[in-house]
Structures are given as structure tokens and as C-alpha cells.
Amino acid sequence: MANLQASRLFSVQDRVVVITGGGSGLGRIMARALDANNVSKVFVLGRREDALRETGAQAPNSSVIPVQCDITSKESLEAAYKTVASQTSHVDLLIANSGIMGPLMRHPPPAADGTLPSLSAVRDELFSVPMEEFSNVLNVNVTGSYYTVLAFLPLLEAANKRRNAPQAGVLSEPTAQVIITSSIAGFIRKVPFSYAYNASKSATTHLVKMLATNFAAYDIRFNGISPGLYYSDMADHIFSGAGIKDAGISDGSFPRDMIPATRGGSEEDLAGLILWLASASGGYVNGNILVTDGGRLSVVPAVY
Ligand SMILES: NC(=O)c1ccc[n+]([C@@H]2O[C@H](COP(=O)([O-])OP(=O)(O)OC[C@H]3O[C@@H](n4cnc5c(N)ncnc54)[C@H](OP(=O)(O)O)[C@@H]3O)[C@@H](O)[C@H]2O)c1
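What you see is a predicted model, and the numbers here were worked out from it, not measured in a lab.

1. Quick notes on the site of the ligand
- Surrounding the ligand, one finds 29 residues, the nearest of these being Arg47, Arg48, Tyr197, Tyr230 and Ser232.
- Separating an oxygen atom of the ligand from a backbone N or O atom of leucine 26 is a distance of 2.8 Å.
- The separation between an oxygen atom of the ligand and a polar side-chain atom of arginine 48 is 2.7 Å.
- Taking 870 Å² as the accessible area of the ligand by itself, protein coverage stands at 95%.
- Listing elements by their share of the shell around the ligand, those giving two or more residues are helix H2 (25–36) and helix H7 (195–214).

2. Focus on the side chain of serine 183
- Within the secondary structure layout, serine 183 lies in the loop between strand S5 (177–181) and H7.
- Among the residues examined, serine 183 registers a relative accessible area of 6% and is labelled buried.
- One polar contact links the side chain of serine 183 to the main-chain amide nitrogen of alanine 185, over a distance of 2.9 Å.
- For serine 183, the contacting residues outside a window of four places in its chain are Tyr197, Lys201, Ile225, Ser226 and Pro227.

3. Digging into the sheet that holds strand S3 (residues 64–68)
- Strand order in the open sheet formed by 7 strands is S3-S2-S1-S4-S5-S6-S7, with parallel pairing between adjacent strands. Sheet topology places S3 and strand S7 (289–292) at the edges, where each strand pairs with a single neighbour. Mean inter-strand twist for the sheet, computed between neighbouring axes without regard to direction, equals 20°.
- Strand direction decides the pairing type here: strand S2 (residues 41–46) and S3, joined by 5 bridges, are parallel. Note on S3: the bridge partner recorded for valine 42 is valine 64.
- This element, helix H4 (residues 74–85), spans strand S1 (16–20), S2 and S3 of the sheet and lies at about 150° to S3.

Criteria and cut-off values
Residues numbered from 1 in each chain as written. Predicted model: local features only at pLDDT ≥ 70, side-chain atom pairs only at ≥ 80, totals over all residues. Heavy atoms only, no water. Near = heavy atom within 4 Å. Polar contact = N/O pair within 3.5 Å; in protein donor to acceptor, adjacent residues only side chain to side chain. Areas by Shrake-Rupley, 256 points an atom, 1.4 Å probe, with all protein chains shown as cover. Helix = DSSP H or I, 4+ residues; strand = E, 2+ residues; numbered from the N terminus. Buried < 20%, exposed > 50% of the residue type's maximum accessible area, 1.4 Å probe, protein only. Contact = heavy atoms within 4.5 Å. Pairing = 2+ DSSP bridges. Axes fitted to C-alpha atoms, helices over the stretch in contact; angles between N-to-C directions.

Laid out in C-alpha cells, this is it:
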């Protein structure tokens, strides 16, 4: 009979993890959660060194190692890979989490009497966003995630080579895994913020599926997480727009027709999800997109 105690099921002890965007928001929460549960090393990647160091300062078990990296540059990714490879023989889990919202790209609102804005007003609004800014969102969220995965493949393969030979009747250790942070925006057709952001997250979700299929033969698993609304630098304008002055994690923070849970996602919500996925109990999960949104997708109109 297996030992089904939570401390064993969800153990991430001694894992080596790389997280992009680890200097803020969701990436920082995931780094802190892994550090608090005795991973061996968490390399946090991002452009701002001071932010990465601050994540380290908030992680009492000293497993967090900052590595400056711009995921839109192959040279920078290669340099970060070499820095990580000089400090570990393998990476059990890569979390490609960096992302940007980019400029708002939404239709002007209808008039008070419900009259739609004219098409030329819609055109003026949307056409005013420079093409480069649209492309930049795709570049960071999709292209950057893709090249991050490619950069770290050898260290993920090295993690698989360390696995013990299978023994009959004994649960094998999980294979190496990549988690990519997508968003529920990737399922939503109505544009709350930006055409580019939603399109990029839809592409990110599909990228997870394609990678899971094409790397299955190499025993590398790919999963995605699709958060709804979690307080972060990126989401700050949504919270302040709703008149919320904190992280909005208590019931009643948001209207039920926006988020059925009536609150934003918490550090605990995300930490629990990532510990499960990173642990042996998550070892049978592959090619999945895990939605963590308090039920928001269930009430947003026009989803796939
Ligand atoms: N918060 C939410 O409600 C929510 C919901 C759904 C999905 N998400 C997704 O969650 C992920 C994290 O976002 P967040 O909410 O935590 O916002 P955030 O605090 O703004 O984090 C974004 C991170 O991405 C990094 N980044 C941006 N451009 C980069 C680049 N070129 N190279 C390397 N790193 C880069 C940033 O670090 P540097 O600036 O230091 O490079 C930053 O740490 C994103 O993919 C986002 O789309 C968030």
C-alpha cells in the first residue's frame, strides 16, 4: 500500500527548477513556494536584477539564484543557460512564465444609450497602436517562451538520465517537465484588454499542446497554467480599476458575474497548484492546461 500522506505526495524536495519572470508576480510566488518546500535550487530569470534579488531575499531557505536574462534574445538565453548549467547538472522543471500585457487594444465603449461607436472611431482607436507593439506582445509571450524551452532542453534531458531504473510495483519518479504560463485570456473571444494579449495566450496554449506531443518521445512533459485574475504588476490596473486597494483575495472583492469566487487568486491558490504539478503526484499530468480562475471562464461570454 502506498503512503498517501500529503507530505510525501506533494514533496518537491531536492528538485532543481528554472522560472522565467521570477522577479515579480506569479513567478515570484512560485519561486517562494518551491523554496519554502525544500527544493534544491530555483534559478529565477528576468531582465531586472534587483527584482530577482528581491525574490531571493523573500525566500528564507536560500535556494533562489538570480540570473539576468532577456527571453527575447537567443544570446541572452544561451548565456543564462550556461550560467545555470555551471551550477547544476540538470533541471527537473522549467517554468516559462515571463509575459507582458502590452498596450490596451480595446474598442471604445458604447454611448450611454447603448449606441455602438462608429466603425471609424473603432478604427482610429485600434489603428493608433503601433504594429511593433502588437508584435512585441507575441514576441515575448510566444516566441520568447518557445526559445526558452529550446534553450533548456539539454538540462531537462539530463534530469531524465538521473532517474532510477524502473522496479516492478514501485512508482517511477516523474519525468522532466516544462510548465508554460498561459492565461484564460487565450480562451476568451471578447476583448477585455488587448487583441494581441489574448491572441498571444491562445498561441501559448496551443504551443503547450504541440510541445507535449512532439517531445513525448523524449519523456519531457509539457503543461500549461491558465490563471484568471491574480494581483501583480501586470494586473494592477484591473484591480485599481475595480476600486480594490489590496490583492483582492477576500470574498466580495469582485462581483460574482465577473468572478464566481468573488475574489482574486491568492498566493496559496498558485502555490498549491505548482507544488502539485512539480511533485511526484503531478507526474501523470502531461499536455494539460490547468485553469485557476475562481470560475471566471464559466461566466465570461463568448469563450471557445
Ligand atoms: N496576474 C494575472 O492575473 C495573470 C493572469 C493570467 C496570466 N498571467 C501571466 O502570468 C505571467 C506572469 O505575469 P504576472 O502577472 O506575474 O506579471 P508581472 O509581475 O508583470 O510579471 C511578468 C514577468 O515577466 C518578465 N518579463 C517580461 N519581459 C521579459 C523579457 N523580455 N525577458 C525576461 N523576462 C521578461 C518580467 O521581468 P523583467 O521585467 O525583470 O524582465 C516579470 O517578472 C505572464 O505570462 C502573464 O501573462 C497573469
